[in-house]
Amino acid sequence: MPALDATHDPARRSHVEDANLPDCDFPIQNLPYGAFSLDGGAVRVGVAIGSRILDLTLLEAEGLLRPGDNDGAVKVFQSGVLNPFMALEQSRWTDTRRRIADLLDAGADLPSAVRALIDRALVPRAAARMHLPFYARGFTDFYASREHATNVGTMFRGADNALMPNWLHIPVGYNARASTVVVSGTDIRRPLGQLRGPEDAAPRLAPSRKLDFELELGAVVGGANPMGQPVTVAAAYDMIFGYVLLNDWSARDIQVWEYQPLGPFQAKVFGTSVSPWVVTRDALEPFRVATPPRETPLLPYLSETAPGNFDIHLEVALSPRDGGETVISRTNSRFMYYSAAQQLAHHSLCGCAMETGDLLGSGTVSGPPRDSCGSLLELTWNGRDPIEVDGGARTFLEDGDTVVLRGYCADGYRVGFGVCAGTILPAPSAAEFGGEE
Ligand code: CA
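Now for a look at the structure at hand. Here the structure is a predicted model, which means the values were calculated and not measured.

1. Some details on helix H3 (residues 90–104)
Compared with the 21 Å implied by 1.5 Å per residue over 15 residues, the 22 Å span of H3 between its first and last C-alpha is a close match. The complete set of buried residues in H3 reads Arg92, Trp93, Thr94, Thr96, Arg97, Ile100, Ala101, Leu103 and Leu104.

2. Some remarks on the sheet that holds strand E21 (residues 326–332)
Strand order in the open sheet formed by five strands is E9-E26-E25-E20-E21, and the pairing between neighbours is mixed. Looking at the sheet topology across the chains shown, the edges are occupied by strand E9 (188–189) and E21. Bridge count between strand E25 (residues 402–410) and strand E26 (residues 414–425): eight bridges; the pairing is antiparallel. From the neighbouring strand, Val403 faces E26, where its bridge partner is Gly422.

3. Here's the deal with the sheet that holds strand E5 (residues 129–131)
Taken in spatial order, the five strands of this open sheet run E4-E3-E2-E1-E5, and their pairing is antiparallel. Single-partner strands in this sheet number two, and they are strand E4 (122–124) and E5. If you compare each strand with its neighbour and ignore which way they point, the axes differ by 50° on average. Sheet topology note: the strand E3 (residues 52–55)/E4 ladder contains three bridges and is antiparallel. Looking at E4, one finds that Ile53 is bridged to Val123.

4. A few points about the coordination of the calcium ion
Ligation of the calcium ion by protein atoms is provided by Asp141 (OD), Glu214 (OE), Glu216 (OE) and Asp248 (OD), these donors lying 2.2 to 2.3 Å from the ion. Along the chain, the residues donating to the calcium ion fall in the pattern D-x72-E-x1-E-x31-D. Of this pair, Asp141 sits in strand E6 (residues 138–142) while Glu216 sits in strand E13 (residues 215–221), and the two are 75 residues apart along the sequence. For the pair Asp141 and Glu216, a shared accessibility class is recorded, and that class is buried.

5. Points about the packing of aromatic side chains
Inspection of every chain in the model, using the stated rule, returns 14 aromatic pairs. Note on Phe77 and Phe85: the rings are 4.9 Å apart at their centroids and 55° apart in plane angle, and the pair reads as tilted. Like Phe85, Phe77 is buried. By way of ring pairs, the aromatic residues Tyr33, Phe77, Phe85, Trp93 and Phe241 are connected into one cluster.

6. Overview of the state of the cysteines
On inspection of all chains with the given rule, the structure shows zero disulfides. Lacking any disulfide linkage, Cys350 is separated from the closest cysteine sulfur, that of Cys352, by 5.2 Å. The thiol of Cys409 is unpaired, and the distance to the nearest cysteine sulfur, on Cys24, comes to 14 Å. Given the relative accessible area of 0%, Cys409 is considered buried.

How each quantity is defined
In this numbering scheme, every chain counts its residues from 1 along its sequence in written order. Residues qualify for local features only when their pLDDT is at least 70, as the model is predicted, and side-chain atom pairs are given and counted only at 80 or more; totals for whole chains, interfaces and linings, by contrast, use all residues. Calculated side-chain values reflect all of the structure's heavy atoms, with hydrogen atoms and water omitted. Secondary structure elements follow DSSP: runs of H or I of four or more residues count as helices, runs of E of two or more count as strands, with numbering from the N terminus. Any helix carries an expected span of 1.5 Å times its number of residues minus one. Categorising residues by exposure relies on relative accessible area from a 1.4 Å probe, with only protein chains included: less than 20% of the type maximum marks a residue as buried, more than 50% marks it as exposed, and the intermediate range marks it as partly exposed. When DSSP finds two or more bridges between two strands, those strands count as paired. Structural elements are reduced to axes, namely lines fitted to C-alpha atoms, with helices fitted over the stretch in contact, and the angle between N-to-C directions of any two is expressed from 0 to 180 degrees. Any N, O or S atom lying within 2.8 Å of the metal counts as a donor, with the limit raised to 3.2 Å for Na, K and Ca; because water is left out of the atom set, some sites can appear incomplete. Any two of the Phe, Tyr and Trp rings considered here, Trp counted by its six-membered ring, make a pair once their centres fall within 6.5 Å; the pair's planes then place it as stacked at under 30 degrees, edge-to-face at over 60, or tilted in between. By disulfide we mean two sulfur atoms from cysteines, separated by a distance within 2.5 Å.

So, in C-alpha cells, the structure goes:
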C-alpha cells in the first residue's frame, strides 16, 4: 500500500509560482498526468503544474527522467498515451512522482543545464490541445451510489422494487463501450434510438428527447491480472493508477424501453467523456475515507482492510448555448457504497482479466438531498420538476447545452481534477433511417 511521503507535504512550494495559489487545481502535491499537443504537433505526455504542463516526453528523451528502468533504455513517455507508464511496476509510478516533485520544487538545487531544460519543458497549458490520456482498453460501468440506484429504481419500477435484492451484496455493473470514450471538449451528438413511451402502441425511431448526463468518477487500471486469477480488494486498490471525472451520457427514453433483461445498451454507448488529467492514486492518498457502514455484511472477498473511498468534492454545471453557467448539483464521492477497489476485485472474481487501460465508471454519484443528485433524471424527477438555469428551464438536455463536471480534494491545498466538459450537437437525420425528426 502506498504511504504518505514528501510529495504530500502541504508546505511544499513549486518554482512554477501560480501553482502555489490556494485555489489552484494543480499544485506540486497533485502532479496529474495527461496527453497534449502544441500547434498540431505530435501528442506528448505531460504533468500539469499551475498554468503549465511539464513535458515528460522531452525530459525522458533527454535522459532527465528514467521512469522505465534505471539506465534509461526503456522509454514509456514517447507514444502519446499513458499506457506504457501505467503498465510499469507500481513502485516506478511512486518513484517517478517523487522525481518530478523534486524537479519542480521551489528549493530545488539544480545544475544550470538541468534548470534550462526544465524551463524549456514547461509549456503554457492554455496553448495545449488535450487528448485522451490513455488508450481505453475496456470500459465497465458500475452503479455504486445507493441513492442513485434507489431513485432510478423508484422511477423505473416503483418504490417497492427500487433496490434490487442483489444490490447490497454485489457491485452491480455492465460492460460498456471503450470505443466512444472521449476526452473533455469533444462534442456529443444526440443519439437516434428506438423509443416506446407509455402511450405508444408500438416503438418508433426518433432522436432521444430525454438526453442526460451522469456525474461519475472513473478509475483507470494500471496493473493487470492474468485470466483465471482473481485479485483481492487490497491488490485491486494498488492496481488502480489514477482517477478521472467521467460523464456517462445517457438517453433515458432509449434506456427505459431497452434495458430489460440485459441492461443498458444503445442508451449509454454513444459517448462517455473523461477529464484530460489522470489524478494519481498516490496524489489522492491523503484523502482516503472509509465506505459507508454496511447494511448487511458483504462476502469476505469484498471486505476492505483500509479505507477505499476518497473525499472528493464534485459539482455539475450546465451552460445553455444562449446562457451563462449554472451549478445544478454539488455532491461528494465519499458516499459511494462500493469503492473502485471493491468493484475491480468483484470484476476479477470470475477470472476476468483486467488490463492496463481498463476504465471503471463508479456509477452516478448522488447524495441524499435532491440538489446533490448526479443526473437530470433525478434532479427533475424524470422531467416532472423542471430546474431553472441561466437561459431557461430544463428537464433534459437541449441541443447546444454544455455540461461541465468539476472535482477537487482540499486540505490546505487542492488536488483538483480540472474540468470534464461536453456540448450536445443535434441528432443525425432520423428520416434517412425511416424515422421521425
Ligand atoms: Ca453510468
